[in-house]
Amino acid sequence: MSIFGIVLFLLIAGMAFWMLLFLLGFIVPFWITIDIFERLRPKRIFESKEEQ
């Protein structure tokens, strides 16, 4: 039964490791890039009535 606990721990730790690797490698740079593009885009102060 002790082996089952060790295997379960390693499985959960491995999944957490790969999730963190995915977040740091893809999601965080994607989030930063979207934020940069959002800050560079000019803001519209007045919306035209034709667009509504």
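One can find the structure itself at the top, above this paragraph.
Report follows, based on the coordinates. (Residues numbered from 1 in each chain as written. Predicted model: local features only at pLDDT ≥ 70, side-chain atom pairs only at ≥ 80, totals over all residues. Heavy atoms only, no water.)

## What about the overall build of the protein chain?
- Assigned secondary structure in the protein chain consists of 1 helix and 0 strands.
- When each of the 52 residues of the protein chain is scored for burial, the buried share is 0%.
- As displayed, the protein chain has an accessible area near 5,500 Å², and 76% of this comes from carbon and sulfur atoms. (Helix = DSSP H or I, 4+ residues; strand = E, 2+ residues; numbered from the N terminus. Buried < 20%, exposed > 50% of the residue type's maximum accessible area, 1.4 Å probe, protein only. Areas by Shrake-Rupley, 256 points an atom, 1.4 Å probe, with all protein chains shown as cover.)

## Remarks on the packing of aromatic side chains
- On inspection of all chains with the given rule, the structure shows 3 aromatic pairs.
- Ring geometry for Phe 17 and Trp 18: centres 5.2 Å apart, planes at 70°, overall edge-to-face. (Phe/Tyr/Trp six-rings, centres within 6.5 Å; stacked < 30°, edge-to-face > 60°.)

## A short note on a nonpolar patch on the surface
- Judged by side-chain polarity, Met 19, Leu 20, Phe 22, Leu 23, Phe 26, Ile 27, Phe 30 and Ile 34 come together as a nonpolar surface patch covering roughly 750 Å² of accessible area.
- For Phe 26, the position within the fold is in helix α1 (residues 2–40).
- Judged by its relative accessible area of 46%, Phe 26 is partly exposed. (Patch = residues over 30% accessible without salt bridge, like charges linked within 9 Å, V, L, I, M, F, W, Y side chains within 5 Å. Salt bridge = Lys/Arg side-chain N within 4 Å of Asp/Glu carboxyl O.)

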